[in-house]
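Geometric and topological summary
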Amino acid sequence: MAGEVAFQRCISPECGETYSLDDARVACARCGNLLDVAYDWSRASTPRSLKAFEAKWSHRNDPLCLSGVWRFRELLPFAPPEKVITVGEGQTLLQRADAVAKFVGLNAGRLYLQYEGMNPSGSFKDNGMTAAFTHAQMIGAKRAACASTGNTSASLAVYCSVTGLMRAVIFVGSGKIAYGKLSQALEYGALTVQILGDFDDAMARVKEVAAELGIYLVNSVNPFRLEGQKTIMYRVLEALAWEPPDWIVVPGGNLGNSSAFGKAFAELRQLGLIERVPRLAVINAAGADTLYELYEKRGLRWNGGAVHEAIVDQYHHELDESRKKADTIASAIEINRPVNLKKCLRALEDCNGVVREVDDQHILDAKAKVGAGGFGCEPASAASVAGAKLLREEGVIGPDERVVCILTGHQLKDPTATVAYHSADQEMFNSVLGKRGVRRASFANRAVVVPNELDEIIKAIRLYG
Ligand code: F0G
């Protein structure tokens, strides 16, 4: 794309076909691979130092400086400022978490939690949605669709209802979406299509429907989504005075975040804005562990873009043959066919990455520890902390390394999992968690049941308080 600052490019180095920004496509027309948003940095006005972004804080009454995404717009220069659609996303916190560090096996001051649940719709998705929504507006889209395990749909519904600019059409699997998230989509007025199937089914259908009806697709196959999600890493760096941590640990579902983080660091290094790239750990739930299986067990690699497709096809074939469906309490990452697999492989190569899987027991114990440390998160997010603990136990992460776990969604997204874990009601525990192999609630904070009598209540408070 001669002469353009930003364009789209096929991720396959062998193909490398380019497309203009006006194209709303989610795959290369020539070879079918995913697309990147690419930049000719020599034409962009990129600052010489990341410190320059700190000056934006003094312009917080400008919505583009208030947004934790668009504050970094020189690092995602695809949208003219007057076209940007923002609802104030990205006001998120990096918190030092010493109590959780102890649980993980890290020394005090070495673990940080990035609370992306503080976004307007309660998850990290808003970082990407503002970027995709902006692109949709740039090309005049009227309707936007996604398949979702709940957070993408909640985020899309927020942007549609707050701005009134587009109609949201969302596809969800039956009984597969946590109530906090479903309640958002319904209340914010999204057209909600419940498919008799799971996320992988909904994802396959929404791609067909979007192509057939010309609806703008906002799942993370949309390369503009990932541009917004890069900024999570910029905010982490900013909170650490621009000193990269040793590790970024992130849950893996559709693999958009991990892909975006890898791109963020590769670009920062290319631009000479950082010298060292953190290592990346992507954590699958054991009940939805395609990346772990392919990367750690079957040796699948990016391999300079020549990904060994036969390994992926064989695994998908095995999934079909055995009718294996994703199954985990971490419903946000209950995904067996991650659409960003190849981009994630590239990120793992760029960031010397590792992949691990953690089971529901460890996810819920980690979640309880995060919650006890304040703010809290939903189950999928806690996979990052459980994964960091596992990597510490293996000695892959050292006790003095600086680790950032990404907490992708708010604690209130999935009240059922939380209440079941802390409940003294064995029936509820079994019906929600026991059937998934969760046996203990080691860090439960149980409600104390007392008769409705003043003496008894006072006695209980004296005993437990
Ligand atoms: N954590 C949460 C809370 C999520 O909602 C998701 C994905 C992930 C982690 C996984 O992120 O796909 O970038 O690897 N949720 C999607 C959705 C699939 O539909 O809301 P990823």
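1. Some remarks on the packing of aromatic side chains
With the rule as written, the count across this model stands at eight aromatic pairs. An angle of 50 degrees between the planes, with centres 4.8 Å apart, marks the rings of Tyr39 and Trp41 as tilted. For Trp41, a relative accessible area of 12% corresponds to the buried category. A centroid spacing of 5.7 Å and a plane angle of 40 degrees characterise the contact between Phe133 and Tyr159, whose relative ring orientation is tilted. Linking Phe133 in helix H3 (residues 125–138) with Tyr159 in helix H4 (residues 151–163), this pair joins segments that are 26 residues apart in sequence. Taken together, Phe53, Phe72 and Tyr234 form an aromatic cluster joined through their ring pairs. The cationic tip of Arg346 hangs over the ring face of Trp302; the distance from NZ or CZ to the ring centre is 5.8 Å. Across the ring face of Phe103, the terminal group of Lys389 is positioned such that the distance to the ring centre comes to 5.0 Å.

2. Considerations on the domain arrangement of the chain
Along its sequence, the chain is organised into domain 1 (1–44) and domain 2 (93–121 + 225–417). For domain 1 versus domain 2, the separation of C-alpha centres amounts to 26 Å. Listed as interface residues are nine residues of domain 1 and, on the opposing side, 14 residues of domain 2. Here domain 1 packs against domain 2, burying approximately 940 Å² in sum over the two surfaces, 57% of which is carbon and sulfur. When the buried area of domain 1 at its contact with domain 2 is split by residue, Ile11, Leu34 and Trp41 rank highest and sum to 49% of it. A salt bridge links Arg346 to Asp36; its shortest N-O distance comes to 2.7 Å. For the pair domain 1 and domain 2, the interface holds five residue pairs in polar contact (both at pLDDT 80 or more).

3. Considerations on the site of the ligand
Inspection of the region around the ligand gives 21 residues, with Ser148, Asn151, Gly253, Asn254 and Thr408 positioned closest. A distance of 2.7 Å is found between an oxygen atom of the ligand and a backbone nitrogen or oxygen belonging to Asn254. At 2.8 Å from an oxygen atom of the ligand is found a main-chain nitrogen or oxygen belonging to Leu255. Here the ligand loses 99% of its free accessible area of 480 Å² to cover by the protein chains. The set of elements that each furnish at least two residues to the shell around the ligand consists of H4 and helix H8 (256–270). Class assignment for the residues of the shell around the ligand results in seven nonpolar, twelve polar and two charged.

How each quantity is defined
Residues numbered from 1 in each chain as written. Predicted model: local features only at pLDDT ≥ 70, side-chain atom pairs only at ≥ 80, totals over all residues. Heavy atoms only, no water. Phe/Tyr/Trp six-rings, centres within 6.5 Å; stacked < 30°, edge-to-face > 60°. Buried < 20%, exposed > 50% of the residue type's maximum accessible area, 1.4 Å probe, protein only. Helix = DSSP H or I, 4+ residues; strand = E, 2+ residues; numbered from the N terminus. Lys NZ or Arg CZ within 6 Å of the ring centre and 35° of its normal. Domains from an automatic or database assignment. Contact = heavy atoms within 4.5 Å. Buried area = accessible area lost by both parts, 1.4 Å probe. Salt bridge = Lys/Arg side-chain N within 4 Å of Asp/Glu carboxyl O. Polar contact = N/O pair within 3.5 Å; in protein donor to acceptor, adjacent residues only side chain to side chain. Near = heavy atom within 4 Å. Areas by Shrake-Rupley, 256 points an atom, 1.4 Å probe, with all protein chains shown as cover. Nonpolar A, V, L, I, M, F, W, Y, C, P; charged D, E, K, R; others polar.

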